[in-house]
Amino acid sequence: MARATASVAAGSSGVTRREFLYYIWGASIALFTAQSAGFLVWFLIPRFREGEFGGKFILPVTDLPEPNGEPRDNPAGRFWLVNLDTTQPNLRMFQAQDEPEPIQGVAAIYKVCTHLGCIYSWTPANERFECPCHGSKYRLDGRRIEAPAPRALDRFKVEALDADRNVLAVSSEDPRTGVFLPLALPPNTTLLSIDTGKRNLGSSEPLLCSFTGTCP
Ligand code: FES
C-alpha cells in the first residue's frame, strides 16, 4: 500500500524515482569535475607574484648604491642590495689575502643570519652587518668576519635587464662553492631583477678575523 502511495507521489510531480537518481548522479559528477578543474587552475597559477617574497623584484638600476656604498635595504624582498668593487677598497669592502680575483658587481643578500635565523642589520658605525642574537658579523658582500655563523650570507639570483625587460646578463654560480657571484652590469642595464625564489647558500670560507688576528 505504502509502495503504491510513493509511486503515485513521484508520478504526480512528473519525475520518477529512477530519473531522480540519475539527476543526483549527474550533479555529483558535475560537482566533482568542477572541483578538479578548480584544483588544476590553482595548481597552475604561480605561487609567488612579482614584487612578493618568493617571486621576482624588478628595481631600477638607479636604486643601486655606489660601489662599496652602504647596502640598500629591500624589506619586502628580504634582501640587501650591494654594489661591490674591491679595486676601490674602503672599510666596508676590501680584498682579503685568500681572494685572488677582484670582487666586482651586484649581489642581493638574504636578510637572515646563517647561524640560527635571526634578522641581522647593517651597523654603519662598524661598516658591517651584525647579528644581535649571538654576535656574528659579516662584510658588505656577506662573507663572515666573526662566527658563530657557519657560512657566509645567502644570495639571490640577479639579472640585468634593458628597458624592455630583455635579459642582458645573469649572475653565475661559483664553480667551487655554488654561490651566486656578483654580477657585472652590461652598459645598457636599466633594470635589475632579483629572484627571491632562487637562493644559494653562502660559502664557508675562513673567517676574515683570522687574517687580522682579531678573532675573539
Ligand atoms: S642567529 Fe645570528 S649569530 Fe646566532
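This structure is a prediction, so every number in the text was calculated from the model and none was measured.

### What about the state of the cysteines?
- In this structure the tally under the stated criterion is two disulfides.
- A disulfide bridge connects cysteine 118 with cysteine 133, and the sulfur atoms are separated by 1.9 Å. Note on the cysteine 118 and cysteine 133 pair: the S-S dihedral is about -95 degrees, so by sign convention the disulfide is left-handed. Highlighted residues: cysteine 118 in the loop between strand E4 (104-110) and strand E5 (121-123) and cysteine 133 in the loop between strand E6 (128-130) and strand E7 (137-138), separated in sequence by 15 residues.
- A residue is classified by how much of its surface remains accessible, and cysteine 118, at 18% relative accessible area, is buried.
- Here cysteine 209 connects covalently by a disulfide to cysteine 215, the sulfurs 2.0 Å from one another. Looking along the S-S bond of the cysteine 209-cysteine 215 disulfide, the torsion reads about 90 degrees, which is the right-handed sense.
- For the chain, numbering the cysteines in disulfides from first to last along the sequence yields the connectivity 1-2, 3-4.

### Details of the sheet that holds strand E8 (residues 144-146)
- Judged by pairing direction, the sheet is antiparallel, and its four strands sit side by side in the order E5-E6-E7-E8 without closing on themselves. Unpaired on one side and paired on the other, E5 and E8 mark the two borders of the sheet.
- Here two bridges tie E7 to E8, and the two strands are oriented antiparallel to one another. Bridge pairing links lysine 137 to glutamate 146 in E8.

### Observations concerning unusual backbone geometry
- Cis geometry marks the peptide bond from alanine 147 to proline 148, where omega comes out at 20 degrees.
- In this fold, proline 148 is placed in the loop between E8 and strand E9 (155-161).
- Unusually for a residue other than glycine, arginine 78 sits at a positive phi of about 55 degrees.
- When you line up the elements, arginine 78 lands in the loop between strand E2 (72-74) and strand E3 (79-85).
- Assessed through its relative accessible area of 41%, arginine 78 is described here as partly exposed.
- One non-glycine residue, arginine 165, lies in the positive phi region at around 65 degrees.
- Topologically, arginine 165 is positioned in the loop between E9 and strand E10 (167-170).

### Observations concerning the pattern of salt bridges
- Within this structure, the stated rule accounts for 15 salt bridges.
- With a closest N to O distance of 3.0 Å, arginine 151 and aspartate 154 form a salt bridge.
- Note on aspartate 154: relative accessible area 2%, which makes it buried.
- Aspartate 154 is paired through a salt bridge with arginine 199; the nearest N and O atoms lie 2.6 Å apart.

The rules behind these values
- Residues numbered from 1 in each chain as written.
- Predicted model: local features only at pLDDT ≥ 70, side-chain atom pairs only at ≥ 80, totals over all residues.
- Heavy atoms only, no water.
- Disulfide = S-S within 2.5 Å.
- Helix = DSSP H or I, 4+ residues; strand = E, 2+ residues; numbered from the N terminus.
- Buried < 20%, exposed > 50% of the residue type's maximum accessible area, 1.4 Å probe, protein only.
- Pairing = 2+ DSSP bridges.
- Salt bridge = Lys/Arg side-chain N within 4 Å of Asp/Glu carboxyl O.

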